[in-house]
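# Structural description and commentary
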Amino acid sequence: MSLASVGEAIWVLGIVAWYVIRYSFERRAKRARIVKDKNSLLDKVGLASALFGLAIFPVFYVISGIPEAADFPVHLWTVILGGGIFLSALVLFRITHKSLGKNWSITLQIREQHCLVRTGPYALVRHPMYTSFLLMVSGQFFLLANWFVGLLGLLGFAILFFLRVDKEEEMMLDKFGQQYRSYMGTSKRIIPFVY
């Protein structure tokens, strides 16, 4: 088995693990009644962009090898680095879901008895789930060793992030007011101490 195949296999296993994590928390969250829903066409565009860049096109690449011209050399260190980054993304993804509990939703929603979470990864950043997606994109780049797939993943993440993050923060300000505003003053968005 080539190093490229090992990287692809790790990526596939990571995507399966990502889905398993998401599915179990999604089932639990659906039990809490939604009291406010800001789902929109732009939100759906963002989600579709992330899905395309982080799953659909990379699966196409793993199956077909297209676009082969954008491949770059695979080394043991790129597979190890990519696997480590992707694993850290999955760990953060799970911890973030666990911290949110029934507050979590895939779209912009406020649930009954929604509370402001400031513990766990939320003590460092306001949107650690996006941090996990950024880590996934980085891991994907090294594991699949293809410039086009890597940049498409980054583009999909960026579209989702920039279409949603301001709306999420607006929704939190509407719900929690000064409490959220002070949280904004003591935390960064997705990269601790930076942004």
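Located above this text is the structure these notes cover.
Presented here is an overview of the structure given in this document. (Residues numbered from 1 in each chain as written. Predicted model: local features only at pLDDT ≥ 70, side-chain atom pairs only at ≥ 80, totals over all residues. Heavy atoms only, no water.)

### Observations regarding unusual backbone geometry
Note that the residue after Ile66, namely Pro67, is joined by a cis bond; omega there is 5°. Topologically, Pro67 is positioned in the loop between α2 (41–64) and α3 (76–100). One non-glycine residue, Ala145, lies in positive phi territory at about 50°. Residue placement: Ala145 occurs in the loop between α4 (128–144) and α5 (147–176). Residues other than glycine seldom take positive phi values, yet Phe193 does so here, at roughly 65°. (Helix = DSSP H or I, 4+ residues; strand = E, 2+ residues; numbered from the N terminus.)

### Notes on the packing of aromatic side chains
One pair of aromatic rings is described through two measures. These are the centre distance and the angle between the planes. In total, this model carries 17 aromatic pairs according to the counting rule given. Judged by centre distance (5.2 Å) and plane angle (55°), the rings of Phe72 and Trp147 are tilted. Linking Phe72 in the loop between α2 and α3 with Trp147 in helix α5, this pair joins segments that are 75 residues apart in sequence. Its relative accessible area of 48% is what places Trp147 among the partly exposed residues. The ring centre of Phe176 lies 5.9 Å from the NZ or CZ of Lys175, which sits over that ring. (Phe/Tyr/Trp six-rings, centres within 6.5 Å; stacked < 30°, edge-to-face > 60°. Buried < 20%, exposed > 50% of the residue type's maximum accessible area, 1.4 Å probe, protein only. Lys NZ or Arg CZ within 6 Å of the ring centre and 35° of its normal.)

### Points about a nonpolar patch on the surface
A surface patch of nonpolar side chains, amounting to about 660 Å² of accessible area, comprises Leu124, Phe162, Ile191, Phe193, Val194 and Tyr195. As for its position among the elements, Tyr195 is in the segment after α6 (178–186). Judged by its relative accessible area of 35%, Tyr195 falls in the partly exposed class. (Patch = residues over 30% accessible without salt bridge, like charges linked within 9 Å, V, L, I, M, F, W, Y side chains within 5 Å. Areas by Shrake-Rupley, 256 points an atom, 1.4 Å probe, with all protein chains shown as cover. Salt bridge = Lys/Arg side-chain N within 4 Å of Asp/Glu carboxyl O.)

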